[in-house]
Structures are given as structure tokens and as C-alpha cells.
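Descriptive analysis of the structure
The primary structure of each chain is shown beneath.
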Amino acid sequence: METVLGFDFGLKRIGVAVGNTLLKQAQPLMIISAATNDAKFAAIAELVQQWQPTLCIVGLPRHPDGAEHEMTVRCRRFANQLHGRFNVATVLVDERYSSAVISHQRGELIDDQAAAIILQQYFDDYTQSES
């Protein structure tokens, strides 16, 4: 059984979810709301130390037609930084509709729930061949 962390990267907040390769069920974990990149990565470092993940999943946003945009590039950079800083394998997962499936009140922070949907999508779509 290996632990997997999922990330919904945003400029203001980063949603984090956790799951494992045995149960293949993602759970919202927390929302990182730090002012600087250093503070964000310090919070992520604590999570990596606590959970000891063997894999990180990062949501990759795209336009509905699949075209890339500015946040796509930023998410790729974030995934590369996760891999480089923590030496943990990183996989990008299409997140086009992750936030759209969450019912929420206006102003409610759902970044951790979006991260859980991204991570669950990885478990559902990318680990089927291992079963």
C-alpha cells in the first residue's frame, strides 16, 4: 500500500487530497493558502514528510476543447517543482471539469474537494490496468 497526494494548483490556493493504492479512494486533506511560493512549498514539505507519498497527482487544466492555456503551463511547472524538490514521481491528470461537479455555495472554498476529484480520477482512470 502506497500513499498518493493529489493537488489542485491555483495561484491563490492549492487544494490537497490524500489516498492510497490499496483502497483507491481519495479524501480531501487541506487547502494551502500561503502568500509566497516559499511558504506554499514549506507547507507541502510538511505534508510530504508526514504522508511520505510515493506519487503526487497534479490536475492539469485545459480549455473545454483540450487546448492549453496559461494555467496549464503553470501547473506543469508546479508538477516539475514537486518532483524536483521532493523527489516524488508526479503525474498530470486532466482536470477540465473537476470543480464543475462539486456543488457549493458562492465563496465556499472547494480546492481540497477538487483535489480529491482529481486524485479519484487518477485512481479510476489510470490504475485500472493494475487491478
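The structure under discussion appears in the preceding block.
Described in the following lines is the structure provided in the data block. What you see is a predicted model; the values in this text were computed from it and never measured.

With that settled, the discussion passes to the packing of helix α1 (residues 37-51) against helix α2 (residues 70-86). Contact geometry for α1 and α2: axes closest at 12 Å, N-to-C directions at 55°. Comparing the axis directions of α1 and α2 gives the class oblique. Seen along the crossing, α1 lies across α2 with a hand that is right-handed. Within the contact between the two elements, α1 uses F41, I44, A45 and V48 and α2 uses F78, Q81, L82, R85 and F86. Grouping the amino acids of the contact of α1 with α2 by side-chain chemistry returns seven nonpolar, one polar and one charged.

Moving on: the pattern of salt bridges. Per the counting criterion, the structure on display carries four salt bridges. Across the pair E68 and R62 runs a salt bridge, and its minimum N-O distance is 3.5 Å. Take E68: its relative accessible area is 40%, and that puts it in the partly exposed class. Among the salt bridges present, the one from R76 reaches E68, with a minimum N-O distance of 2.5 Å. Accessibility expressed as a relative area gives 30% for R76, which makes it partly exposed. Through salt bridges that share partners, R62, E68 and R76 make up one connected network.

Criteria and cut-off values
- Residues numbered from 1 in each chain as written.
- Predicted model: local features only at pLDDT ≥ 70, side-chain atom pairs only at ≥ 80, totals over all residues.
- Heavy atoms only, no water.
- Axes fitted to C-alpha atoms, helices over the stretch in contact; angles between N-to-C directions.
- Helix = DSSP H or I, 4+ residues; strand = E, 2+ residues; numbered from the N terminus.
- Parallel < 35°, antiparallel > 145°, perpendicular 65-115°, else oblique.
- Left-handed = near helix turned anticlockwise from the far one by under 90°.
- Contact = heavy atoms within 4.5 Å.
- Nonpolar A, V, L, I, M, F, W, Y, C, P; charged D, E, K, R; others polar.
- Salt bridge = Lys/Arg side-chain N within 4 Å of Asp/Glu carboxyl O.
- Buried < 20%, exposed > 50% of the residue type's maximum accessible area, 1.4 Å probe, protein only.

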